[in-house]
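# Geometric and topological summary
Below are the chains, spelled out letter by letter.
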Amino acid sequence: MNKRHHSLRTRIWITLIAVFLMLALLSVYVASYLYERLYVDEQIQSLTESGEELASIYYGYDSESSFLWRVQWTDQSSGADVFYFDQEHPLLEPDSRDNLMIEFFTSDEQNELLSGKNIEIIRTHPSYDQEVLGVVVPLIENEQFTGMILLSQPLTSIYEPLSDFVL
């Protein structure tokens, strides 16, 4: 009887430890999932708002230099990389070997941009070989695509706060 009692106690402790470990792992998984969903969504929203604000400034400014100054200011103050590509930019020219539209965006994304819709991207950046989160805001004048504003941020900077919690 004593041996049986000892065996039962051992099984209860093993079960409790297993349940505790499973709950701890589940908690870490749920926390990381929620962090990713909430924080990444917040970053997308922030990039979109900055891009749309720049687009409204683009349409409102009389001089390109004022707009370019604002792009530079946003790049330096937002924590994101901000790029402006006009229609004549070498990376947007159809004959360019390194055409950004062909190399970086899918055909569906290109069609969305050309129709004036913002796009969100999460993919490996071809130049930096790292995952980036980006928002692209097209610039449309007189129903013509005239350029785009690309705001991007490395995903490593988004996931950095989580690295302390990963087992």
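For clarity, every value in this text was computed on a predicted model and none was experimentally measured.

### Describing the overall build of the protein
Helix and strand counts for the protein stand at 5 helices and 4 strands. Taken over 167 residues, the protein has a buried fraction of 31%. Sequence-distant contacts, at least 24 apart, represent 46% of the contacts inside the protein between residues at least 6 apart. Of the roughly 11,500 Å² of accessible surface on the protein, a fraction of 56% belongs to carbon and sulfur atoms.

### A few points about the side chain of Thr-74
Here Thr-74 is to be found in helix H2 (residues 64-78). Engagement of the side chain of Thr-74 in a polar contact is seen with the backbone oxygen of Arg-70, the distance being 2.9 Å. What Thr-74 contacts, discounting residues up to four positions off in sequence, is Leu-54 and Val-82.

### Some remarks on the environment of Ser-56
Mapping Ser-56 onto the fold places it in helix H1 (residues 2-60). Here the alpha-carbon distance between Ser-56 and Leu-139, two residues 83 residues apart in the chain, equals 9.4 Å.

### Notes on the environment of Glu-141
Mapping Glu-141 onto the fold places it in strand E3 (residues 131-141). Judged by relative accessible area, which is 34%, Glu-141 ranks as partly exposed. Considering only alpha carbons, one finds Glu-141 and Gly-116, 25 residues apart in sequence, at a separation of 9.7 Å. Leaving out residues up to four positions away in the same chain, Glu-141 has contacts with Tyr-58, Tyr-59 and Thr-146.

### Observations regarding a nonpolar patch on the surface
A contiguous nonpolar surface patch, about 800 Å² in accessible area, is contributed by Val-19, Leu-23, Leu-26, Tyr-29, Val-30, Tyr-33, Leu-34 and Leu-38. Tracing the chain through its elements places Leu-34 in helix H1.

### Some points on the sheet that holds strand E2 (residues 119-124)
Taken in spatial order, the 4 strands make up an open sheet running E1-E4-E3-E2, and their pairing is antiparallel. Among the strands making up the open sheet, the edge pair consists of strand E1 (81-86) and E2. Pairwise comparison of adjacent strand axes, ignoring direction, gives a mean angle of 25° for this sheet. Relative to strand E4 (residues 144-154), E1 runs antiparallel, the two sharing 6 bridges. Counterpart to Phe-83 in the pairing with E4 is Leu-150.

### Here's the deal with the packing of aromatic side chains
Overall, the coordinates contain 5 aromatic pairs when judged by the stated rule. A ring pair is formed by Tyr-58 and Phe-67, whose centres lie 5.1 Å apart and whose planes are at 70°; its orientation type is edge-to-face. Residue class for Phe-67 comes out buried when judged on its relative accessible area of 2%. Plain terms: the ring middles of Tyr-58 and Tyr-84 are 6.0 Å apart, the flat faces sit at 45° to each other, and that makes the pair tilted. On the criterion of sequence distance, the pair formed by Tyr-58 in helix H1 and Tyr-84 in strand E1 is long-range, its members being 26 residues apart. Comparing Tyr-58 with Tyr-84 shows no difference in burial state: the two are buried. Among the aromatic residues, ring-to-ring pairing joins Tyr-58, Tyr-59, Phe-67 and Tyr-84 into one connected group.

### Digging into the pattern of salt bridges
In total, this model carries 2 salt bridges according to the counting rule given. Linking Arg-70 and Glu-53 is a salt bridge whose minimum nitrogen-to-oxygen distance equals 2.5 Å. Of this pair, Arg-70 sits in helix H2 while Glu-53 sits in helix H1; the two residues are 17 residues apart in sequence, bridging distant segments of the chain. Glu-109 serves as the salt-bridge partner of Arg-123, at 2.7 Å between the closest nitrogen and oxygen.

Criteria and cut-off values
Residues numbered from 1 in each chain as written. Predicted model: local features only at pLDDT ≥ 70, side-chain atom pairs only at ≥ 80, totals over all residues. Heavy atoms only, no water. Helix = DSSP H or I, 4+ residues; strand = E, 2+ residues; numbered from the N terminus. Buried < 20%, exposed > 50% of the residue type's maximum accessible area, 1.4 Å probe, protein only. Contact = heavy atoms within 4.5 Å. Areas by Shrake-Rupley, 256 points an atom, 1.4 Å probe, with all protein chains shown as cover. Polar contact = N/O pair within 3.5 Å; in protein donor to acceptor, adjacent residues only side chain to side chain. Patch = residues over 30% accessible without salt bridge, like charges linked within 9 Å, V, L, I, M, F, W, Y side chains within 5 Å. Salt bridge = Lys/Arg side-chain N within 4 Å of Asp/Glu carboxyl O. Pairing = 2+ DSSP bridges. Axes fitted to C-alpha atoms, helices over the stretch in contact; angles between N-to-C directions. Phe/Tyr/Trp six-rings, centres within 6.5 Å; stacked < 30°, edge-to-face > 60°.

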